[in-house]
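Below are the chains, spelled out letter by letter.
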Amino acid sequence: MRAGFPDFRLGNVLATSFTATLTERCGDPVERIPVPRRLVDWLAVNGLAVDSCTPAQLDLARELRESIHLAATAAAIQDALPASAVQVINDRSVEGRAAAILTSEGTRRWRLGSASRVEDALSVIAADAVSILAGERDGKLALCASPTCRAAFFDTSQSRTRRWCEMNTCGNRQKKARFKARQREYPGSAE
């Protein structure tokens, strides 16, 4: 990753990985796409390479990110999807030119329009969000149990009881906190 910027949190689900470009939403928020170039970097890492990004396109991307997060949060707590979030997701979904193509390995890859615009990449992300929010994929939306994170993630574990958006970050942080609390409560127990 580029020096001076926080690393991306990459997952297996495009839409929820995109919402993870803003982390620690209930603590000290960490913006992982603070400038247009970082959005270009994130899109490239996720197979949606574009040539450039303007500040206005970054604003569109952030609006989509927040709309997906809002809708995913509502779905995770079994609330009604906010109409404004649904509208933004739908608008971004139809604005782009992208096609699903099958690779020789039997996987799906996205091919953006010939000009490779940010709007084309955002339409792929929005379409992914639609498939998750509509319940078309095997899994369920959940919220990270970390009180500072509360990221929406797509749980595909067999039991559908995953608690953390990422075990390596939020899960470990919470386990460390519990361990330290036990050490303070029972000072000689670690020996």
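The notes below deal with the structure included here. (Residues numbered from 1 in each chain as written. Predicted model: local features only at pLDDT ≥ 70, side-chain atom pairs only at ≥ 80, totals over all residues. Heavy atoms only, no water.)

When you go through the chain residue by residue, the secondary structure sums to six helices and six strands. Going residue by residue from the N terminus, the α and β elements of the chain occur as α-β-β-α-α-α-β-β-α-β-β-α. Across its three principal directions, the C-alpha atoms of the chain cover 65 × 40 × 40 Å. Within the chain, residue pairs in contact and separated by at least 24 positions form 54% of the contacts whose partners lie at least 6 positions apart. For the chain, the accessible area works out to roughly 10400 Å², and carbon and sulfur atoms hold 51% of it. (Helix = DSSP H or I, 4+ residues; strand = E, 2+ residues; numbered from the N terminus. Contact = heavy atoms within 4.5 Å. Areas by Shrake-Rupley, 256 points an atom, 1.4 Å probe, with all protein chains shown as cover.)

This paragraph deals with the pairing of strand β3 (residues 98-102). In the sheet, β3 pairs with strand β4 (residues 108-112) via five bridges, with the strands oriented antiparallel. Opposite I101, over in β4, you have R109 as the bridge partner. (Pairing = 2+ DSSP bridges.)

Turning to the environment of C170, a few remarks are in order. Residue position: C170 is located in helix α6 (residues 167-185). Classification of C170 as buried rests on a relative accessible area of 0%. The spacing of C170 and A80 is 90 residues in sequence and 27 Å in space, taken between C-alpha atoms. Beyond its immediate chain neighbours, meaning those up to four positions away, C170 contacts R9, E24, C144, S146, C149, W164 and C165. (Buried < 20%, exposed > 50% of the residue type's maximum accessible area, 1.4 Å probe, protein only.)

Next up on the list: unusual backbone geometry. For Q78, which is not glycine, the phi dihedral falls at a positive 60°. With respect to the secondary-structure elements, Q78 resides in the loop between α3 (55-76) and α4 (83-95). The class of Q78 is exposed, set by a relative accessible area of 74%.

Once that is clear, we can look at the packing of aromatic side chains. Summed over all chains, the structure comprises one aromatic pair. Seen in terms of ring centroids, F18 and W42 are 5.0 Å apart; in terms of plane orientation they differ by 55°. Their pairing is tilted. Note that F18 is positioned in helix α1 (residues 14-19) and W42 in helix α2 (residues 36-45), a separation of 24 residues in sequence. The ring of F154 carries the charged tip of R137 above its face, separated from the ring centre by 5.7 Å. (Phe/Tyr/Trp six-rings, centres within 6.5 Å; stacked < 30°, edge-to-face > 60°. Lys NZ or Arg CZ within 6 Å of the ring centre and 35° of its normal.)

Time to look at the environment of Q87. With respect to the helices and strands, Q87 occurs in helix α4. Along the backbone, Q87 and L64 are 23 residues apart, and their C-alpha atoms lie at a distance of 9.9 Å. Polar contacts involving the side chain of Q87 include one to the side chain of D91, which spans 2.8 Å. (Polar contact = N/O pair within 3.5 Å; in protein donor to acceptor, adjacent residues only side chain to side chain.)

A word on the pairing of strand β6 (residues 152-155). Burial along β6 is two-sided: the face carrying A152 and F154 and the face carrying F153 and D155 are both buried. Of the pairings in the sheet, the one linking strand β5 (residues 140-143) to β6 comprises four bridges and is antiparallel in character. When the sheet's bridge partners are listed, A142 is paired in β6 with F153.

Just distances and angles here, no functional claims.
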